[in-house]
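# Chains, contacts and geometry: an overview
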Amino acid sequence: MSEYSATVRWERAGATFIDDDYSRGHVWEFDGGQTVPASASPDIVPLPKSIAEHVDPEEAFVASLSSCHMLFFLSIAAQRGFTVDRYVDHAVGYMGKDELRRTAITKVVLRPEAGYSGSQIPSGSEVERMHHEAHDLCFIANSVRTEVVTEIVA
């Protein structure tokens, strides 16, 4: 079984903390030395307690679903002999109440658009099948209760 890890690091800087006047800015550290500035979303924790320019957990959740889907899609396309030149997904997550009335990212819509070249270009139905298979294989989508919808951009 594979194992994945991340270190999340936050330190209080000057605020008294108990008055709720502290920064939600922190960092995510990954293997290989990559560090990502992170914060609570300004939609949830008002500025200046949050940092709008940093990645928030909700954005990261949407990005991880999109990235996982894309990586499986690219693998499937390559196995079927299709040359993908570009892939763009303007994915969006929607927060609402789940079936237990808890606040959650209840739906993520992936909007992938791919460009192809070479002698073998997939038909629209082949693209749909590859996206369906990518969704079924995506570890992240298989790990969440969130509804994940793919709206292919032609």
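All of these numbers come straight from a predicted model, not from anything done at the bench.

### Considering the overall build of the protein chain
When its secondary structure is counted, the protein chain shows two helices and eight strands. Counting helices and strands in the order they occur from the N terminus, the protein chain gives β-β-β-α-β-β-β-β-α-β. A compact globule built from 154 residues would reach a C-alpha radius of gyration of about 15 Å, whereas the protein chain, at 19 Å, exceeds it by more than 25%. With respect to the principal axes defined by its C-alpha atoms, the protein chain has extents near 65 × 40 × 30 Å. Residue burial in the protein chain is summarised as follows: out of 154 residues, 27% are buried. Long-range contacts, defined as pairs at least 24 residues apart, comprise 52% of the intrachain contacts of the protein chain with a sequence gap of at least 6. About 10,000 Å² of surface is accessible on the protein chain, with carbon and sulfur atoms providing 53% of the total. For the protein chain, the distance from the average position of its 13 positive side-chain charges to the average position of its 23 negative side-chain charges is 5 Å.

### Remarks on the sheet that holds strand β5 (residues 92–97)
The strand order across the open sheet formed by three strands is β5-β6-β8, and the pairing between neighbours is mixed. Looking at which strands have only one partner, the edges of the open sheet turn out to be β5 and β8 (147–150). With direction set aside, neighbouring strand axes in the sheet form an average angle of 20 degrees. Set on the sheet, helix α1 (residues 57–79) makes contact with β5, β6 (103–110) and β8; between it and β6 the angle comes to about 35 degrees.

### Brief notes about the packing of α1 against helix α2 (residues 124–137)
At their nearest, the axes of α1 and α2 sit 8 Å apart, and the two run at 130 degrees to each other. Taken together, the axes of α1 and α2 are oblique relative to one another. Handedness of the α1/α2 crossing: right-handed. Between α1 and α2, the contacting residues are His-69, Phe-72, Phe-73, Ile-76 and Ala-77 on the first element and Val-127, Met-130, His-131, Glu-133, Ala-134, His-135 and Leu-137 on the second. Split by residue class, the contact of α1 with α2 holds eight nonpolar, three polar and one charged.

### What about the pattern of salt bridges?
Tallied over the entire structure, the rule returns nine salt bridges. A salt bridge links Lys-49 to Asp-20, with the shortest nitrogen-to-oxygen separation between them at 3.5 Å. Here Asp-20 lies in the loop between β1 (7–9) and β2 (26–29) and Lys-49 lies in the loop between β3 (35–38) and α1, a separation of 29 residues in the sequence. We note a salt bridge from Glu-133 to Arg-80, for which the minimum N-O separation is 2.4 Å. With Glu-133 in helix α2 and Arg-80 in the loop between α1 and β4 (83–89), this residue pair connects regions lying 53 residues apart in the sequence. With a relative accessible area of 29%, Glu-133 lands in the partly exposed category.

### Overview of α1
Look at α1: 33 Å from first C-alpha to last across 23 residues, which is about the 33 Å you get at 1.5 Å a residue. Of all the positions in α1, only Val-62, Leu-65, Ser-66, Cys-68, His-69, Phe-73, Ile-76 and Ala-77 are classed as buried. Residues of α1 that are buried sit in contact with β4, β5, β6, β7 (112–117), α2 and β8. Residue Asp-56 occupies the N-cap position of α1, its side-chain oxygen lying 3.1 Å from the main-chain nitrogen of Glu-58. At the C-terminal side of α1, Gly-81 shows a positive phi close to 85 degrees.

What counts, and where the lines are drawn
Residues numbered from 1 in each chain as written. Predicted model: local features only at pLDDT ≥ 70, side-chain atom pairs only at ≥ 80, totals over all residues. Heavy atoms only, no water. Helix = DSSP H or I, 4+ residues; strand = E, 2+ residues; numbered from the N terminus. Rg over C-alpha atoms; globule rule 2.2 N^0.38 Å. Buried < 20%, exposed > 50% of the residue type's maximum accessible area, 1.4 Å probe, protein only. Contact = heavy atoms within 4.5 Å. Areas by Shrake-Rupley, 256 points an atom, 1.4 Å probe, with all protein chains shown as cover. Lys, Arg positive; Asp, Glu negative; His and termini not counted. Charge placed at Lys NZ, Arg CZ, Asp CG, Glu CD. Pairing = 2+ DSSP bridges. Axes fitted to C-alpha atoms, helices over the stretch in contact; angles between N-to-C directions. Parallel < 35°, antiparallel > 145°, perpendicular 65-115°, else oblique. Left-handed = near helix turned anticlockwise from the far one by under 90°. Nonpolar A, V, L, I, M, F, W, Y, C, P; charged D, E, K, R; others polar. Salt bridge = Lys/Arg side-chain N within 4 Å of Asp/Glu carboxyl O. Expected span 1.5 Å × (residues − 1). Polar contact = N/O pair within 3.5 Å; in protein donor to acceptor, adjacent residues only side chain to side chain.

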